[in-house]
Amino acid sequence: MGKRTIIPFGPQHPVLPEPVHLDLVIEDETVVEAIPSIGFIHRGLEKLVEKKEYTEMVYVIERICGICSFGHGWGYCLSVEGVMGVEIPERANYLRTIWHELSRMHSHLLWLGLLADGFGFESLFMHCWRIREKVLDIFEKTTGGRVIFSVCKVGGVRKDIDEATLKEISSVVDGMKKELKELADVFLEDYSVKNRLCGVGYLSKEDAAELAAVGPMARASGLKQDMRLLGHGVYDKLGFEPCIETAGDSYARCKVRIREVFQSIDLIIKAIEMIPDGDISVPVKGNVPANECVVRLEQPRGEAFYYAKGADSKFLERMRVRTPTNQNIPAMVKTLQGCDLADVPMLILTIDPCISCTER
Amino acid sequence: MEDLRETVIIPVTASELYSKVSDLNEDGYRLVQACCTKVSEGFEIIYSFDKEHELLNLKLTIPEEEEIMSITGITWSAFIYENEMQDLFGVKFKHMSLNYGGHFFKVSQPTPWNPKN
């Protein structure tokens, strides 16, 4: 047995845009244990529910994260609608699904770029983010914002998308397929990229289940686990089936996300073909009854959990948001055990960590 | 097919919690989350478990001073949530397999979400 050394990793590190800390216990160049530490920038946003009315709180919840802000807003609205027994119009459900899948596309493209940057492929990083820009342009055109949209509200959505813009979105995302195919070929076929990803950070199906991994992390280890199967939005009408890989390594996690980008394009096009005419919201008035509701949504990074508890008042008694990164930390620690020290940044990236979400 | 979006909450007592979680774990359920709410009786803790997209929530209400058994011995990933509840609310756990002793979250005052503090 070699001499054991503890290397502190983070909270400030070139590969981490946000602060998280790991104590890496290493023997020679191999990590034998990793002890995570978070909470450097905990904001306590859930606590604001005591000071913001339920209609205002959606703006706070959207600000949990700049990447999956729409999904957080949607999860919050679903949980409050559940407590209040509100049924939203079908068109609003379609619009929410379209914006959510666009968010998944932009999140996965952002991640692919960061991964490419992580293994030193700068031009690939730039191409991923160049393509992602088209999705951000759609957001700007349809919502007015590129990061925070504020289109989701309790009872439906605030903005409609007209027929011509829907057709344009359909044609833009369809047109992205060719460029994405070229990118996907580099990520999945280039031997130097495969060298960095194949067999690295293996997480078995049993470990993924035992450590309760979520999202692409779980699906890359063969678990058929995707909250889009629960029936929120209109996924059941779009014939949705989750993308599953079985290799359980970093390459499989990359492949799941690439397949999901193409899948999101197909879901968006199908939703645009099927979207019905009609209202986009229903009026919601009065206090939130003393009731509780749990909602789970599939964010780009995995399952997010929302719990709302009403108190017969305009203010909720409790709003809980459990984000996917929170849940994937134990699985990340597991994949780090036994890896080379040089692969640590890559492995941390493959769970697509969002510390902003974790420090909600 | 039953509605997978339905909220199912089952009340449990502190003495039942460990065996209930143990049974769920043996049945193949995974821990989804655990969270605490400050209520007039003390703390209300909800443990959520999932099996094939079916969600089950266990609700435990305990007085503030009561120490409850950690479930990290059954499902290790619970350390994230138990440390969070310990740091933000001051919930006391026995036999945590990974205890940060109040330093998991770097908060400027102890248990900031417990109104007494």
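Residues numbered from 1 in each chain as written. Chains lettered and ligands numbered in written order. Predicted model: local features only at pLDDT ≥ 70, side-chain atom pairs only at ≥ 80, totals over all residues.

K.L.:
Can you tell me about the overall build of chain B, naming the residues and giving the values?
P.N.:
Per the secondary structure count, chain B includes two helices and six strands. For chain B, the sequential pattern of α-helices and β-strands runs β-α-β-β-β-β-α-β. Its C-alpha atoms give chain B a radius of gyration of 14 Å, near enough to 13 Å, the size a compact globule of 117 residues would have. Projected onto the principal axes, the alpha-carbon positions of chain B cover approximately 50 × 30 × 25 Å. Burial statistics for chain B: of 117 residues in total, 38% are counted as buried. Sequence separation of at least 24 residues holds for 49% of the intrachain contacts in chain B that already meet a minimum separation of 6. (Helix = DSSP H or I, 4+ residues; strand = E, 2+ residues; numbered from the N terminus. Rg over C-alpha atoms; globule rule 2.2 N^0.38 Å. Buried ≥ 20, exposed ≤ 12 C-beta atoms within 10 Å, placed from the backbone. Contact = placed C-beta atoms within 7 Å.)

K.L.:
Quick one: what's the story with the overall build of chain A, residue by residue and with numbers?
P.N.:
If you tally the helices and strands in chain A, you get twelve helices and eight strands. Taken against the 2.2 N^0.38 rule, which gives 21 Å for 360 residues, the C-alpha radius of gyration of chain A at 21 Å falls within 12% of a compact globule. Its C-alpha atoms give chain A principal-axis dimensions of roughly 65 × 45 × 30 Å. When contacts within chain A are restricted to residue pairs at least 6 apart in sequence, long-range pairs at least 24 apart make up 70% of them.

K.L.:
Describe the interface of chain B and chain A, listing the residues and the values that go with them.
P.N.:
How big an interface is tends to be expressed through the accessible area that disappears when the partners come together. Facing the 25 residues of chain B at the interface are 28 residues of chain A. Listing elements by their share of the side of chain B that touches chain A, those giving two or more residues are strand S2 (30–39), strand S3 (42–51) and strand S4 (54–62) of chain B. In terms of residue count, the dominant contributor to the side of chain B that touches chain A is S2(B) (six residues). Of the residues assigned to the side of chain B that touches chain A, the class counts are 14 nonpolar, seven polar and four charged. (Nonpolar A, V, L, I, M, F, W, Y, C, P; charged D, E, K, R; others polar.)

K.L.:
Could you give an account of the sheet that holds strand S8 (residues 318–322) of chain A, naming the residues involved and the relevant values?
P.N.:
Strand pairing in a sheet takes place through backbone hydrogen bonds and is either antiparallel or parallel in direction. Residues and elements named next belong to chain A. An order of S6-S7-S8 is seen for the three strands of this open sheet, with the pairing classed as antiparallel. With one partner strand each, in any of the chains shown, strand S6 (292–299) and S8 form the two edges of the open sheet. Adjacent strand axes in the sheet meet at a mean angle of 15 degrees, parallel and antiparallel pairs treated alike. Of the strand pairs in this sheet, strand S7 (residues 302–309) and S8 are connected by five bridges, and their pairing is antiparallel. Of the residues in S8, the one forming a bridge with Lys309 is Arg318. Strands in contact with helix H10 (residues 324–336) are S6, S7 and S8; relative to S7, the strand with the most contacts, it is inclined by about 130 degrees. (Pairing = 2+ DSSP bridges. Axes fitted to C-alpha atoms, helices over the stretch in contact; angles between N-to-C directions.)

K.L.:
Describe in detail the packing of helix H5 (residues 163–189) of chain A against helix H9 (residues 250–274) of chain A, supporting the description with residues and values.
P.N.:
All names here are of chain A. Here H5 crosses H9 at 165 degrees, and the two axes come no closer than 10 Å. Taken together, the axis directions place H5 and H9 in an arrangement best described as roughly antiparallel. Crossing angle aside, the handedness with which H5 passes H9 is left-handed. Seen from H5, the contacting residues are Leu166, Ile169, Ser170, Val173, Asp174, Met176, Lys177, Leu180, Ala184, Phe187 and Leu188; seen from H9, they are Cys254, Lys255, Ile258, Val261, Phe262, Ile265, Ile268, Ile269 and Ile272. For the contact of H5 with H9, a count of residues per class yields 16 nonpolar, one polar and three charged. (Parallel < 35°, antiparallel > 145°, perpendicular 65-115°, else oblique. Left-handed = near helix turned anticlockwise from the far one by under 90°.)

K.L.:
Report on the environment of Val193(A), specifying residues and quantitative values.
P.N.:
Residues and elements named next belong to chain A. Tracing the backbone through its elements, the reader meets Val193 in helix H6 (residues 191–197). In this structure, the C-alpha to C-alpha distance between Val193 and Tyr251, residues 58 residues apart in sequence, is 8.9 Å. Setting aside its immediate chain neighbours within four residues, Val193 contacts Phe119, Phe121, Val186 and Phe187.

K.L.:
Describe the pairing of S8(A), with residues and values.
P.N.:
Here S8(A) lies mainly inside the structure; five of its five residues are buried. On S8(A), burial covers both faces: Arg318(A), Arg320(A) and Arg322(A) on one face and Met319(A) and Val321(A) on the other are all buried.

K.L.:
Give me the sheet that holds strand S2 (residues 21–27) of chain A: which residues, what numbers.
P.N.:
Residues and elements named next belong to chain A. A sheet is described by the order of its strands in space; here three strands give the open sequence S1-S2-S3, paired in antiparallel fashion. The sheet terminates laterally at strand S1 (4–9) and strand S3 (30–37), the two strands that pair on one side only. Mean inter-strand twist for the sheet, computed between neighbouring axes without regard to direction, equals 20 degrees.

K.L.:
Break down unusual backbone geometry for me, citing the residues and quoting the values.
P.N.:
Look at Asp312(A): it is not a glycine, yet its phi comes out positive at around 50 degrees. Its location among the elements puts Asp312(A) in the loop between S7 and S8. On the neighbour-count criterion, Asp312(A) (11 C-beta atoms within 10 Å) is exposed. Positioned with a positive phi, His95(B) is a non-glycine residue whose angle comes to about 55 degrees. If you trace the backbone, His95(B) turns up in the segment after strand S6 (92–94).

K.L.:
Can you tell me about the environment of Glu54(B), naming the residues and giving the values?
P.N.:
Tracing the backbone through its elements, the reader meets Glu54(B) in strand S4. Taking C-alpha positions, Glu54(B) is 16 Å from Glu26(B), a pair spaced 28 residues apart along the chain.

K.L.:
Account for the confidence of the model for chain A, naming residues and giving values.
P.N.:
Considering every residue of chain A, the mean pLDDT works out to 90; 100% of them sit at 70 or more. Looking at the elements of chain A, mean pLDDT is at its lowest for helix H12 (residues 355–358) of chain A, recorded as 76, and at its highest for H9(A), recorded as 94. (pLDDT = per-residue confidence, 0-100.)

K.L.:
Any details on the domain arrangement of chain A? Residues and values, ideally.
P.N.:
Residue and element names in this part refer to chain A. Each assigned domain of chain A is listed here: domain 1 (1–42) and domain 2 (43–350). On a C-alpha basis, the centres of domain 1 and domain 2 stand 27 Å from each other. On the side of domain 2, 15 residues touch domain 1, which itself brings 13 residues to the contact. Put simply, the parts of the chain that give the side of domain 1 that touches domain 2 at least two residues each are S2 and S3. Per-element accounting of the side of domain 1 that touches domain 2 gives the leading share, six residues, to S3. (Domains from an automatic or database assignment.)

K.L.:
Break down the nonpolar core for me, with residues and values.
P.N.:
All names here are of chain A. Counting 141 residues, the largest nonpolar core has Met57, Val80, Ala213, Ile268 and Tyr306 as the members making the most contacts within it. Broken down by element, this core gets its largest block of residues, twelve residues, from helix H3 (residues 90–118). Counting the residues that make up this core, at least three belong to each of domain 1 (1–42) and domain 2 (43–350). For Tyr306, the residues in contact, after removing those within four places along its chain, are Gly75, Tyr76, Leu78, Ser79, Val295, Arg320 and Val321. (Core = buried A, V, L, I, M, F, W, Y, C linked by C-beta atoms within 7 Å.)

K.L.:
Let's hear about the confidence of the model for chain B: which residues, and what values?
P.N.:
Averaged over every residue, the pLDDT of chain B is 88; the share at 70 or more is 95%. The complex prediction reports pTM at 0.91, with the ipTM value standing at 0.90.

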